[in-house]
Amino acid sequence: MAMLTVRNLPDEVHRALRARAARNGHSMEAEVRQILESTISPHGRVRLGTLLADMGRRAKLTDEEFGVFEQVRNKTPARPVNFE
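Notes on the structure in this doc start here. The model shown is predicted, which means the values in this text are computed figures rather than measured ones.

**Section: unusual backbone geometry**
Move 1: You will see that N8, though not glycine, has its phi angle at about 60°, which is positive.
Move 2: Locating N8 in the fold gives a position in the segment before α1 (11-23).
Move 3: Since its relative accessible area comes to 78%, N8 is described here as exposed.
Move 4: The residue K60 is not glycine, and still its phi comes out positive at about 60°.
Move 5: Inspection of the secondary structure assignment puts K60 in the loop between α3 (48-58) and α4 (63-72).
Move 6: Its relative accessible area of 70% is what places K60 among the exposed residues.

Criteria and cut-off values
Residues numbered from 1 in each chain as written. Predicted model: local features only at pLDDT ≥ 70, side-chain atom pairs only at ≥ 80, totals over all residues. Heavy atoms only, no water. Helix = DSSP H or I, 4+ residues; strand = E, 2+ residues; numbered from the N terminus. Buried < 20%, exposed > 50% of the residue type's maximum accessible area, 1.4 Å probe, protein only.

As structure tokens, this is what we get:
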């Protein structure tokens, strides 16, 4: 698990964070983790596949036409980039 240090946090932000943590029954550290997780979490984000499927439905593509996309899709996993 990674560690994070935040420097130069304004006093008013620190006070507000401490008050928020107390209201939620958390330590400040736990409150910051919760804020970061809820901000970064993919909940509510539209995934590309979902977006494309919705576009296909609006274009009234048939199941056969959708099948073409499945046939041509590359099923091999992407390789990480090597910068060496």
